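# Structural features, examined
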Amino acid sequence: MRSRNWLPLLLALTACRPSPPPPAPLVLWAWERPEDLRFVKGRAEVAVESGSIVLDGAAVEARGRRHPLLVAEPPTTSVVHVEIRRDRPLVWNATMRATTAAAILHYATRLPARRVQVDFEVRASERAILLDVLGDVRRALPRATVLSMTALASWCGEDWLGRAPVDEVVPMLFRMGRRGETVRAMLAEGGDLRHDRCRGALGVAVGTPVPRAPAGRRVYLFDPRSWTPRDFAAAEREVRRWR
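Residues numbered from 1 in each chain as written. Predicted model: local features only at pLDDT ≥ 70, side-chain atom pairs only at ≥ 80, totals over all residues. Heavy atoms only, no water.

The protein is annotated in an unreviewed UniProt entry as DUF3142 domain-containing protein of Sphingomonas taxi.

This is the structure:
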């Protein structure tokens, strides 16, 4: 008779146990190189680099994707990469700003993707440029389109990131330089990136393992070479271990 009394208690404990976080949605970055990603059907989304822009002095050099991409399902994210040529001074003015935003919009909307991502690494003195460009793109995109930006992990400790007019910030946990080990150690101990904007997604790379990171986030996967099923399986296992 006494053993029967345990059943309600066990049921109550089971009911109170917190649910495990949902699996991390995975997104493969398909950069400007030939990619055959048909093998990820149903296992990951695809974010494709659809255009690249170089700010060269007083000129904006833009081009669309040149390499083939094979997918089983349409990419969900259109990525435009922007960089500043460092061997000559940037001449930033209203014309450059408008041309840059127009080029991003041109390439980003070539695909019917529901998410647009801007990959634009800037120095501290250039953050206003990044914010201006993001603002122009945000105002021109349909409201239903999600605007995403990649970010250096170091930006997640700075307040200016809160002014970015985006729906998603993707801190990149690779190529972090001398601060990388500190960030990885902090995450391994159960810590988290300081800025709230950096707590919805992560970017990790094949060959740069992150022993632990907060679970349940949208995880973008980068491979420094063209993706293979083997590389994807290894990255997938790594992310699943974070749970």
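Still to come is the rest of the account.
What follows concerns the packing of aromatic side chains. Across all of its chains, the model carries 8 aromatic pairs by this definition. When the centroid spacing of 6.4 Å and the interplanar angle of 65° are considered together, the rings of Trp29 and Phe174 count as edge-to-face. Here Trp29 is found in strand S1 (residues 26–30), whereas its partner Phe174 is found in the loop between strand S9 (168–172) and helix H4 (180–188), with 145 residues between them in sequence. Phe174 carries the same exposure label as Trp29, and that label is buried. Ring centres of Trp155 and Trp160 lie 5.2 Å apart, and the angle between their planes is 70°; this geometry places the pair in the edge-to-face category. Residues Trp155 and Trp160 agree in their burial class; the two are buried. Counting every residue linked through ring pairs, the aromatic cluster contains Trp29, Trp31, Phe174, Tyr220 and Phe222. (Phe/Tyr/Trp six-rings, centres within 6.5 Å; stacked < 30°, edge-to-face > 60°. Helix = DSSP H or I, 4+ residues; strand = E, 2+ residues; numbered from the N terminus. Buried < 20%, exposed > 50% of the residue type's maximum accessible area, 1.4 Å probe, protein only.)

Further remarks concern the nonpolar core. In this structure, Phe120, Met149, Leu173 and Leu221 are the most contacted members of the largest nonpolar core, which totals 60 residues. In terms of residues, this core owes the most to one element, helix H2 (residues 94–108), which gives 7 residues. Setting aside anything within four residues of it in sequence, one finds Phe120 in contact with Leu55, Val82, Ile84, Ile129, Leu130, Thr150 and Trp155. Residues Val79, Phe174, Ala201 and Phe222 belong to the second largest nonpolar core, which totals 12 residues. (Core = buried A, V, L, I, M, F, W, Y, C linked by side-chain atoms within 4.5 Å. Contact = heavy atoms within 4.5 Å.)

A few words now on the pattern of salt bridges. Counted under the stated rule, the structure contains 24 salt bridges. Here Arg114 ties to Glu45 by a salt bridge, and the two come within 3.6 Å at their closest N and O atoms. With Arg114 in the loop between H2 and strand S7 (115–120) and Glu45 in strand S3 (residues 45–56), this residue pair connects regions lying 69 residues apart in the sequence. Across the pair Asp56 and Arg85 runs a salt bridge whose closest N-O atoms are separated by 3.1 Å. On the criterion of sequence distance, the pair formed by Asp56 in strand S3 and Arg85 in the loop between strand S6 (77–84) and H2 is long-range, its members being 29 residues apart. Since its relative accessible area comes to 8%, Asp56 is described here as buried. Judged by relative accessible area, Arg85 falls into the partly exposed class, the value being 32%. Each of Glu45, Arg114, Arg115, Glu168 and Arg218 takes part in one network of salt bridges that share partners. (Salt bridge = Lys/Arg side-chain N within 4 Å of Asp/Glu carboxyl O.)

Here Asp119 lies in strand S7. Put simply, Asp119 is tucked away with no salt bridge, and the nearest opposite charge, on Arg175, sits 8.3 Å away. Only 2.7 Å separates the side chain of Asp119 from the side chain of His81, close enough to count as a polar contact. Sequence-distant contacts of Asp119, defined by excluding residues within four places in its chain, comprise Trp31, Val79, Val80, His81, Val82, Thr150 and Met172. (Lys, Arg positive; Asp, Glu negative; His and termini not counted. Polar contact = N/O pair within 3.5 Å; in protein donor to acceptor, adjacent residues only side chain to side chain.)

Further remarks concern H2. Taking 1.5 Å as the rise per residue, H2 with 15 residues should run 21 Å; its terminal C-alpha atoms sit 21 Å apart, in good agreement. Looking at H2, one finds that the buried residues are Met96, Thr100, Ala101, Ala103, Ile104, Leu105, Tyr107 and Ala108. Between a side-chain oxygen at the N-terminus of H2 and the backbone nitrogen of Thr95 the separation is 3.1 Å; the capping residue is Asn93. (Expected span 1.5 Å × (residues − 1).)

Turning to the state of the cysteines, a few remarks are in order. Within the structure shown, the criterion is met by 1 disulfide. Put simply, Cys156 and Cys198 are joined by a disulfide, and their sulfur atoms are 2.1 Å apart. An S-S torsion of about -90° defines the bridge between Cys156 and Cys198 as left-handed. In this pair, Cys156 sits in the loop between strand S8 (146–152) and S9 while Cys198 sits in the loop between H4 and strand S10 (201–205), placing the two residues 42 residues apart along the sequence. The exposure classification of Cys156 matches that of Cys198, with both residues buried. (Disulfide = S-S within 2.5 Å.)

Our focus in this paragraph is the pairing of S9. For S9, the tally of buried residues reaches 5 of 5 residues, placing the bulk of the element in the interior. Of the two faces of S9, both are covered, the one formed by Glu168, Val170 and Met172 as well as the one formed by Val169 and Pro171. As paired strands, S8 and S9 are joined by 5 bridges and run parallel to one another. Note on S9: the bridge partner recorded for Met149 is Val169. (Pairing = 2+ DSSP bridges.)

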